[in-house]
Number of protein chains: 2
Amino acid sequence: MTVTLDDVARRAGVSRSAVSRTFTPGASVSATMRTKVENAADYLGYSPNFLARSLTTRSTKLIGLVSNNFHNPIFLEVFDQFTRGLQDRGLRPLLVNLTNEKEASASVRMLKQYSVDGVIVASSTLPPGFSKAFRDAGLPVVNSFGRYEVMPEVHVLGIDDIACGRLAAGELIARGYKKVAFMGGPFDATSTQYRLSGFEKELQLYSDVECSHSFAEAYSYQAGRIEMARLLEAGTNADAYFCGDDVLSVGALSAIADKGLHVPEDIGVIGVNDMEMAGWHNINLTTIHQPFAEIIQCSINLIVGLLADPNKVPEATLFPCTLIERGTLRPRL
Amino acid sequence: MTVTLDDVARRAGVSRSAVSRTFTPGASVSATMRTKVENAADYLGYSPNFLARSLTTRSTKLIGLVSNNFHNPIFLEVFDQFTRGLQDRGLRPLLVNLTNEKEASASVRMLKQYSVDGVIVASSTLPPGFSKAFRDAGLPVVNSFGRYEVMPEVHVLGIDDIACGRLAAGELIARGYKKVAFMGGPFDATSTQYRLSGFEKELQLYSDVECSHSFAEAYSYQAGRIEMARLLEAGTNADAYFCGDDVLSVGALSAIADKGLHVPEDIGVIGVNDMEMAGWHNINLTTIHQPFAEIIQCSINLIVGLLADPNKVPEATLFPCTLIERGTLRPRL
DNA sequence: TCTACTTTTGCAACCGGTTGCAAAGCCGAT
DNA sequence: ATCGGCTTTGCAACCGGTTGCAAAAGTAGA
């Protein structure tokens, strides 16, 4: 059924090596030989078996794309851009869904068994040690949307979560909010603490502003809704909330609406990410934009670089985030 | 760096075949041999190379997961469930993003080169001939979310688009709408025509109801918004719209709001899919639910079945869809 | 025409596994 | 101790490619 190198060689009346060489860029083949082989190959519909080839070349062009964020709308965009970007460079994404696992070992073994050339861990919630497991196994790895560290153990790309927190705080202050609060996702999610600490640090500069914080059970609509309902019930009467994520913000908005309160008149809300739906007219969420496209482009460039030179010393690269003004904060004073 | 069969064999002082057999379920190995090999393997950290193995077994456990719907929020859920479901059965999804292509040939060649065991085409907008290209290349293929045909050329699973159109029509009638319209995505998208034809067929039973239709440029928020704005501007004063997709519906809602009109008082809107955001309070879209989980489960079962018996004659399987009542249609009379 | 040098080609070994086959080992029964 | 039958093991060929090396062919200069 499948046509092999031998079939082509036999039909073209040449050696196996000759056929192999015509399909290996940069190998030495004469023009006559090349056309003879190509004719035979076309006739038979031959194309080389990548996996057999990988046995000797030690390169599969497979990249493990590992994530546990299959429930955040921004990740649709993330997957789209990663898969397209990888494809454009002749690489193939082998998708790994970690939703049910927190341990890296199974994925590490599996990806080694498939001889992937490298791994991209795309997650803002996995612990930093996670990506390291791949590195320890000798796989080039890039952690996208990970947490900044001065001397990271693997390459990390992401926004400056501290600056992000400061930006949010600054905006709330510039709009005259006096009693503000941070509502994060789970405390142990990588980025949560940094966003909070940046937020608090900035607020310390303003002694007339009160600040509190709490954490939702997950980065989800329901969790945001529940947590905000609890806060309102408990009488935490903050006049503005910085939510650690857009979906969380929308959940919060729904709880606020249920209470009969109005945004931004009674309460202000600002999110993070700038998912597509944040711009939909009936959501219209003021939020902090993460430069996904840039982060993904750089991640891909980086992994491609690592394939050539796997020993580059790990760095953390930070990307700036920007405010997207919409309708859930009152105007600047 | 990587430890091979030979290393283990040498360390355990046994033949290569013995090692291979301990890692091949159902092969004949004595208990003594097994422990000897396993000890050596554990010591060296050995696990077999799947790709080398695939050369002789002719099975890679790789499944091509092909889609062009990377911009519809429901597909996050789709990818989540497909990847999880495949993983649970020991299969690995090789993701192919077709966003920029309409031709199958490149993907077919690529997936053959990677010797995938089968292909899942998950798309509601690719032409039926697309999946056939995989079959013609000798790859087992399942087309999920495809269009029903009595004698399909490949296995197809999806909702009954005609029934879906009828359901929408029936609901609009039951709520007393008299001048209704269908707003589809691109006319050539697989499912669009069937939904329209079901919709019209049902309406023909009611001579006092007027019906018109139009098509947006894409299944997207912007396209829905633009098309609805155009309709309102043109004075197509329908009192209810059946939109071919939820995202399209939200776009339509935004154009309606911009005109200062209210939903459902002035205009009713019903969508299709029941994406997660449709349930968010500030969207609150009445829509028709597609049973994604069931379709995906069955697709996976089917592809697994095809791996064992690739020659099963292709069938189309239909799944029922159901109304999800929310706030964009007025109540039944 | 002969020599020296460069390019093209084929041979054969190898990548990391699996598997048919025959030899070796084991068992209980005679 | 011998035999027959069953299980376990190793040998060697194979899966579909690549590649170092040496032989063959081509090219140019004298």
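The model shown is predicted, which means the values in this text are computed figures rather than measured ones.

### Quick word on the protein's contact with DNA strand D
Here comes step 1: If you check the shell around DNA strand D, you find 27 residues, and the closest are A:Arg16, A:Ser20, A:Arg53, B:Arg21 and B:Arg58.
Here comes step 2: The sugar-phosphate portion of DNA strand D accounts for 60% of its atoms within 4 Å of the protein, the bases making up the rest.
Here comes step 3: The contact in question runs from a base oxygen of DNA strand D to an N or O atom on the side chain of A:Arg16, over 2.6 Å.
Here comes step 4: Separating a base nitrogen of DNA strand D from a backbone N or O atom of A:Ala52 is a distance of 3.4 Å.

### Focus on the domain arrangement of chain A
Here comes step 1: Partitioning chain A into domains gives domain 1 (1–43), domain 2 (62–159 + 291–319) and domain 3 (161–290).
Here comes step 2: Relative placement of domain 1 of chain A and domain 3 of chain A: their C-alpha centres are 63 Å apart.

### Some words on the sheet that holds strand β7 (residues 210–215) of chain A
Residue and element names in this part refer to chain A.
Here comes step 1: As summarised here, the arrangement of the 6 strands in space is β7-β6-β8-β9-β10-β12, forming an open sheet in which the pairing is mixed. Each of the sheet's edge strands pairs with one partner strand only, and the pair in question is β7 and β12 (322–324). The sheet shows a mean angle of 25 degrees between the axes of neighbouring strands, taken without regard to direction.
Here comes step 2: Across the sheet, helix α8 (residues 161–174) touches β6 (179–184), β8 (240–243), β9 (268–273), β10 (287–289) and β12, and the angle it forms with β8 is around 165 degrees.

### Structural notes on the pattern of salt bridges
Where charged atoms from two side chains of opposite charge come close, those side chains can pair.
Residues and elements named next belong to chain B.
Here comes step 1: Evaluation of the coordinates by the stated rule reveals 30 salt bridges over all chains.
Here comes step 2: Here arginine 84 ties to aspartate 80 by a salt bridge, and the two come within 3.0 Å at their closest N and O atoms. Taken together, the positions of arginine 84 and aspartate 80, both in helix α5 (residues 74–88) and 4 residues apart, correspond to about one turn of that helix.
Here comes step 3: By relative accessible area, arginine 84 is classed as partly exposed at 24%.
Here comes step 4: One salt bridge in this structure joins glutamate 227 and arginine 230, with 2.8 Å as the shortest N-O distance. Taken as a pair, glutamate 227 and arginine 230 lie in helix α10 (residues 221–233) at a separation of 3 residues, close to a single helical turn.

### Observations regarding the protein's contact with DNA strand C
Here comes step 1: Contacts to DNA strand C come from 27 residues, most closely from A:Arg21, A:Arg58, B:Arg16, B:Ser20 and B:Arg53.
Here comes step 2: In this structure, a sugar or linking oxygen belonging to DNA strand C sits 2.5 Å away from a side-chain N or O atom of A:Arg58.
Here comes step 3: Take B:Ala52: an N or O atom from its main chain is 3.4 Å from a base nitrogen of DNA strand C.
Here comes step 4: Secondary structure elements with two or more residues in the surface near DNA strand C: α2 (16–22) and α4 (50–57) of chain A together with α2 (16–22) and α4 (50–57) of chain B.
Here comes step 5: A class-by-class count of the residues in the surface near DNA strand C yields 10 nonpolar, 11 polar and 6 charged.

### A word on a nonpolar patch on the surface
Residue and element names in this part refer to chain A.
Here comes step 1: Together, Tyr148, Val150, Met151 and Leu318 make up a nonpolar patch on the protein surface, roughly 430 Å² of accessible area in all.
Here comes step 2: On the secondary structure map, tyrosine 148 appears in the loop between β4 (141–144) and β5 (155–159).
Here comes step 3: Its relative accessible area of 32% is what places tyrosine 148 among the partly exposed residues.

### Considering the packing of aromatic side chains
Here comes step 1: Tallied over the full model, the rule gives 26 aromatic pairs over all chains.
Here comes step 2: With centroids separated by 4.9 Å and ring planes inclined at 35 degrees, the aromatic side chains of B:Phe70 and B:Phe79 adopt a geometry described as tilted. Just as B:Phe70 is buried, B:Phe79 falls in that class too.
Here comes step 3: A connected cluster of aromatic rings, assembled from ring pairs, spans A:Phe70, A:Phe75, A:Phe79, A:Phe145 and A:Phe292.
Here comes step 4: Residue placement shows A:Arg330 over the ring face of A:Tyr177; its charged tip is 4.0 Å from the ring centre.

### What to know about the sheet that holds strand β7 (residues 210–215) of chain B
Residue and element names in this part refer to chain B.
Here comes step 1: Spatial strand order, β7-β6-β8-β9-β10-β12: 6 strands in an open sheet with mixed pairing. The open sheet terminates on both sides in strands that have one partner only, identified here as β7 and β12 (322–324). Each neighbouring strand pair of the sheet contributes to a mean axis angle of 25 degrees, computed without reference to strand direction.

### What to know about the side chain of A:Thr287
Residue and element names in this part refer to chain A.
Here comes step 1: By the secondary structure assignment, threonine 287 is in strand β10.
Here comes step 2: In this structure the side chain of threonine 287 is engaged in a polar contact, spanning 3.1 Å, whose partner is the backbone nitrogen of valine 272.
Here comes step 3: When sequence neighbours within four positions are dropped, the list of residues in contact with threonine 287 reads Asp246, Ile270, Gly271, Val272, Asn273, Asp274, Ala278, Thr322, Leu323, Ile324 and Arg326.

### A short note on helix α12 (residues 292–308) of chain B
All names here are of chain B.
Here comes step 1: When the terminal C-alpha atoms of α12 are compared, their 25 Å separation across 17 residues agrees well with the 24 Å that a helix rising 1.5 Å per residue should span.
Here comes step 2: Those residues of α12 that fall on the buried side of the exposure criterion are Phe292, Ile295, Ile296, Ser299, Ile300, Leu302, Ile303 and Leu306. Each buried residue of α12 lies within a common arc of 165 degrees when the element is viewed along its axis, so the set occupies one face.

### Description of the interface of chain A and chain B
It is common to report an interface's size as the accessible area lost on association of the parts.
Here comes step 1: Listed per partner, the contact involves 49 residues of chain A and 49 residues of chain B.
Here comes step 2: For chain A, the biggest contributors to the area lost against chain B are A:Leu76, A:Tyr114 and A:Trp280; these three give 16% of the whole.
Here comes step 3: Taken together, the links from chain A to chain B amount to 0 salt bridges.
Here comes step 4: At the junction of chain A and chain B, the tally comes to 18 residue pairs in polar contact (both at pLDDT 80 or more).
Here comes step 5: Put simply, the parts of the chain that give the side of chain A that touches chain B at least two residues each are α4, α5 (74–88), β2 (92–97), α6 (105–113) and α11 (246–258) of chain A.

### A short note on empty space enclosed by the protein
Residue and element names in this part refer to chain A.
Here comes step 1: For the structure on display, the rule yields 2 cavities of 30 Å³ or more.
Here comes step 2: In this structure, the largest cavity occupies an estimated 50 Å³ of space.
Here comes step 3: If you go around the largest cavity, the residues you meet are Ser124, Phe145, Gly146, Gly158, Ile159, Asp161, Ser191, Arg195 and Gln290.
Here comes step 4: Among the elements of the structure, β5 and α9 (190–203) are those that each provide at least two residues to the lining of the largest cavity.
Here comes step 5: The residues that make up the lining of the largest cavity include at least three from each of domain 2 (62–159 + 291–319) and domain 3 (161–290).
Here comes step 6: In this structure, the second largest cavity occupies an estimated 30 Å³ of space.
Here comes step 7: For the second largest cavity, the full set of lining residues is Val121, Ser123, Leu126, Pro127, Phe130, Ser131, Asn143, Phe145 and Gly146.
Here comes step 8: For the lining of the second largest cavity, the per-class residue count stands at 5 nonpolar, 4 polar and no charged.

Thresholds applied
- Residues numbered from 1 in each chain as written.
- Chains lettered and ligands numbered in written order.
- Predicted model: local features only at pLDDT ≥ 70, side-chain atom pairs only at ≥ 80, totals over all residues.
- Heavy atoms only, no water.
- Near = heavy atom within 4 Å.
- Polar contact = N/O pair within 3.5 Å; in protein donor to acceptor, adjacent residues only side chain to side chain.
- Domains from an automatic or database assignment.
- Pairing = 2+ DSSP bridges.
- Helix = DSSP H or I, 4+ residues; strand = E, 2+ residues; numbered from the N terminus.
- Axes fitted to C-alpha atoms, helices over the stretch in contact; angles between N-to-C directions.
- Contact = heavy atoms within 4.5 Å.
- Salt bridge = Lys/Arg side-chain N within 4 Å of Asp/Glu carboxyl O.
- Buried < 20%, exposed > 50% of the residue type's maximum accessible area, 1.4 Å probe, protein only.
- Nonpolar A, V, L, I, M, F, W, Y, C, P; charged D, E, K, R; others polar.
- Patch = residues over 30% accessible without salt bridge, like charges linked within 9 Å, V, L, I, M, F, W, Y side chains within 5 Å.
- Areas by Shrake-Rupley, 256 points an atom, 1.4 Å probe, with all protein chains shown as cover.
- Phe/Tyr/Trp six-rings, centres within 6.5 Å; stacked < 30°, edge-to-face > 60°.
- Lys NZ or Arg CZ within 6 Å of the ring centre and 35° of its normal.
- Expected span 1.5 Å × (residues − 1).
- Arc of directions from axis to C-beta.
- Buried area = accessible area lost by both parts, 1.4 Å probe.
- 1 Å grid on protein atoms, 1.4 Å probe; cavity = no way out; pocket = protein on both sides within 12 Å on 5 of 7 lines; lining within 4 Å.
- Points joined across faces, edges and corners; volume = space filled by probe spheres on them.

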